[in-house]
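Analysis of the macromolecular model
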Amino acid sequence: MKKILIVMLALMLFLTACGVVKEEISTSPGQSELTTSEPEHIPSNESLSWLFPALEDNSFGVAVENGFYEVIPRDTSNIGSSSGYNLCFTDFASHIRVPVCSNANCTHNNESCTSWLDKNVGVAIWNNQLILGNMDGSGFHWFDCMNLDGSERKRLITVPDSMSILEPIVASDKAFYGIGIMVDPKDPDAIPVSGLYQLDPISNSVSELLTLSGNDAASVLVGIGKGKLYLKRFLADGDDPFGIHELYAISTTGENLGSVIQWNGTKYTSGYFSDDQLFLLEQSNGNLEQIDLNTEERSVVGT
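A brief look at the structure comes next.

Conventions used here
Residues numbered from 1 in each chain as written. Predicted model: local features only at pLDDT ≥ 70, side-chain atom pairs only at ≥ 80, totals over all residues. Heavy atoms only, no water. Buried < 20%, exposed > 50% of the residue type's maximum accessible area, 1.4 Å probe, protein only. Helix = DSSP H or I, 4+ residues; strand = E, 2+ residues; numbered from the N terminus. Pairing = 2+ DSSP bridges. Salt bridge = Lys/Arg side-chain N within 4 Å of Asp/Glu carboxyl O.

1. Quick word on the pairing of strand E10 (residues 139–146)
Across the 8 residues that make up E10, a large majority, 8, are buried. Inspection of the sheet shows strand E9 (residues 129–136) paired to E10 by 6 bridges, in the antiparallel sense. Bridge pairing links Gly-133 to Phe-143 in E10. With antiparallel pairing between neighbouring strands as the criterion, E9 and E10 make up a hairpin whose turn holds 2 residues. Pairing analysis gives 4 bridges linking E10 to strand E11 (residues 154–158), with the strands arranged antiparallel. Pairing of Cys-145 across the sheet is with Lys-154, part of E11.

2. Re the pattern of salt bridges
Within this structure, the stated rule accounts for 9 salt bridges. Its salt-bridge partner being Asp-144, residue Arg-153 comes within 2.7 Å of it at the nearest N-O pair. Because the salt bridges share partners, they merge into one network encompassing Asp-144, Arg-153 and Arg-155.

3. Thoughts on the pairing of strand E16 (residues 205–212)
By the criterion of burial, E16 is predominantly enclosed, with 7 of the 8 residues buried. Where strand E15 (residues 193–200) meets E16, 7 bridges bridge the pair, whose relative direction is antiparallel. Directly across from Ser-194, in E16, lies its bridge partner Leu-212. Taking the residues that link successive antiparallel strands as the turn, the E15-E16 hairpin has 4 residues, and the phi of Asn-204 there is positive, at about 50°.

Encoded structure:
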């Protein structure tokens, strides 16, 4: 009986992702290990959601049931504030915005404050924790994890120096996914190499699921389904300057599931996604078509 209890306790500790990661990263700071192997504890049919959506859908803030978290420059006249930034929370009921800090006497202007940041960051919610990601012009380079009250901030993942993880970023309850760009720091003229990557907070590792080359090199992550990621690529067509757009699927274990659907760039707009639904606007008549990516059923839902 004691042996069973010991095994169960060990399993519970293993599955408590953020708590385990905090302890690991606080004792082993530095860059995440870059691997090409699949972590065994990540299931292949995991539910996915957007962690950091595409920039046009992400105002560097995130809503919860009772309020909104956002990053505010201390110098509101300058988005590139040299005075730093504060992570703030606006209560929906009172309409009051406050720094995410429990110290009543805090000036909120240096690193001793849990709300103070030296750079603008993206904010997300994952496993009932705040996630901060330092996205600059080239992509994300690290992710931090903290409690909703701003306490216990820890480095969750540090992306290798030669890599940037592009937005958007998808998450399950155990891992993050995104397209990464690798550059050779010794050769600034070298062509960057892109791939689909899994970022594992439990092991603090970054694993390449699939190298994106040829027509796939400029692929964009546009949609999610059960255990799968939808990417869009552009296929050149000599007779059509707008070419062919193709949606293809990759599982969260790195399996290429093949083409899902193609559409003509002249006939339709580039496509809009909502979970596992694709919407195409036909340019000639204004018909809005909906395609279920699971069943491939098509229907006109608006004109």
